[in-house]
Amino acid sequence: MSAAPQVAPEILHFYGSDFDEATRLTGTADGRLELVRTRELLRRHLPGAPADVIDVGGGPGVHAAWLAGDGYRVHLVDPVPRHVEAARRAGVDAAVGDARALPAGDGAYDVTLVLGPLYHLLERDDRDRALAEARRVTRPGGLVAAAAIGRYASVFEHTATTLLTKDRVHDAVRDILTTGRHDPGRKGFTAAYFHTAAELEDELREAGLGEVTLYGVEGPGWAQLKAVEQDTGRVLAEDHPAFAAALRAARLADGYPDLLAAASHLLAVARR
């Protein structure tokens with residue numbers, strides 16, 4: 001029997017004390033764009049409620065909350081105790097667990113969401129293990145949805161915020177483009193892997209998943225929202241013309257594979 005997987009201490013520290021994941025999808029315009037788009041894309045593919053959903057790496061339960069509101073039976077698994085406690089306070093059924101060794105039986109769920117773990121699994125073997133687990137716990141014909149940070153997100157982000165003018169940021173972005181890996185020593189985030197669209201699709205197919213469809217979650221306009229917020233010092237509301245334009249741009253980009261590279265996050269949906 002293989003050894004139980006171990007979560008990197010920096011992950012537990014970052015999300016346990018340094019960073020508030022509960023506000024990431026609501027505190028900025030590009031975060032809210034990610035939330036709105038993830039929700040609408042998943043709703044496009046989800047089976048009718050009620051159905052059983054496991055939200056793997058679901059954090060404090062932002063997605064689990066709207067899924068439960070839509071009538072789904074949601075179980076959240078996350079390696080960070082702080083996230084599990086927050087999800088439980090929000091009324092979500094949640095437990096501490098690892099994407100690479102899910103506490104669920106074969107075919108237990110109609111839908112498996114893997115919307116965060118692939119960021120933090122730097123080694124292909126670990127990502128393969130997580131996707132194999134996602135497939136295992138999904139019933140035949142069920143839905144698996146996996147998210148990844150786009151390989152080119154840091155170029156767009158740091159151009160928009162003008163931080164690319166700093167040599168240390170420039171060098172960090174250059175290294176991400178070359179290796180796909182983010183070095184946590186250079187910027188306020190954990191070690192992470194940034195996927196190309198082709199890599200993400202390949203990993204799902206190698207896990208035995210079929211009917212893979214890829215989306216660029218935020219589309220090509222998300223970094224402009226960061227630039228506007230930085231320039232004005234104000235958080236943009238969803239009725240702001242810049243937000244509305246970015247959302248329409250993301251919807252327009254669906255179906256155009258060349259535009260996948262412009263999104264901050266990629267979403268792959270597939271069938272077991």
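Please refer to the structure placed before this passage.
Cut-offs used in this document
Residues numbered from 1 in each chain as written. Predicted model: local features only at pLDDT ≥ 70, side-chain atom pairs only at ≥ 80, totals over all residues. Heavy atoms only, no water. Phe/Tyr/Trp six-rings, centres within 6.5 Å; stacked < 30°, edge-to-face > 60°. Buried < 20%, exposed > 50% of the residue type's maximum accessible area, 1.4 Å probe, protein only. Lys NZ or Arg CZ within 6 Å of the ring centre and 35° of its normal. Salt bridge = Lys/Arg side-chain N within 4 Å of Asp/Glu carboxyl O. Helix = DSSP H or I, 4+ residues; strand = E, 2+ residues; numbered from the N terminus. Contact = heavy atoms within 4.5 Å.

Colleague: Help me understand the packing of aromatic side chains, please; the structure alone is not making it clear to me.
Modeller: Centre distance and the angle of the planes are the two values used to describe a pair of aromatic rings. Scanning the model with the defined rule gives four aromatic pairs in all. Aromatic pair Phe14 and Tyr15: ring centres 5.0 Å apart, planes at 85°, arrangement edge-to-face. Owing to a relative accessible area of 10%, Phe14 belongs among the buried residues under this scheme. Exposure remark for Tyr15: the relative accessible area of 8% places this residue in the buried category. An aromatic cluster is present here, built from Phe14, Tyr15, Phe19 and Phe189 joined pairwise through their rings. Sitting over the face of the ring of Tyr193, Arg127 holds its NZ or CZ atom 4.0 Å from the ring centroid.

Colleague: What is the right way to read the pattern of salt bridges from this model?
Modeller: Opposite charge on two side chains lets them pair, provided their charged atoms get close. By the definition in use, this model includes 23 salt bridges. One salt bridge connects Arg24 with Glu34, and the closest N-O pair in it is separated by 2.8 Å. In this pair, Arg24 is assigned in the loop between helix H1 (9-18) and helix H2 (29-45) and Glu34 in helix H2, connecting sequence segments ten residues apart. Using a relative accessible area of 6% as the deciding quantity, one classes Glu34 as buried. We note a salt bridge from Arg73 to Asp52, for which the minimum N-O separation is 2.7 Å. Residue Arg73 is found in strand E2 (residues 73-78), and its partner Asp52 is found in strand E1 (residues 52-56); the two are separated by 21 residues along the sequence. Classification of Asp52 as partly exposed rests on a relative accessible area of 24%.

Colleague: Got a minute to help me understand unusual backbone geometry in this structure?
Modeller: Across residues other than glycine, the phi torsion is negative in most instances, and most of the peptide bonds are trans. Note that the residue after Ala49, namely Pro50, is joined by a cis bond; omega there is 0°. Within the secondary structure, Pro50 is located in the loop between H2 and E1. A positive phi angle is found at Thr162, which is not glycine, with a value near 70°. Positionally, Thr162 belongs in the loop between helix H7 (153-160) and helix H8 (167-179). Of the residues examined, Thr162 reaches a relative accessible area of 47% and is grouped as partly exposed.

Colleague: Looking at this structure, how should I read the environment of Ala263?
Modeller: Within the secondary structure layout, Ala263 lies in the loop between helix H11 (241-253) and strand E9 (265-271). Separated by 199 residues in sequence, Ala263 and Ala64 have C-alpha atoms that sit 23 Å apart. Among residues more than four places away in sequence, those in contact with Ala263 are Gly150, Ala153, Gly216, Val217, Glu218, Gly219 and Trp222.

The values reported here are purely geometric and, on their own, carry no functional implication.
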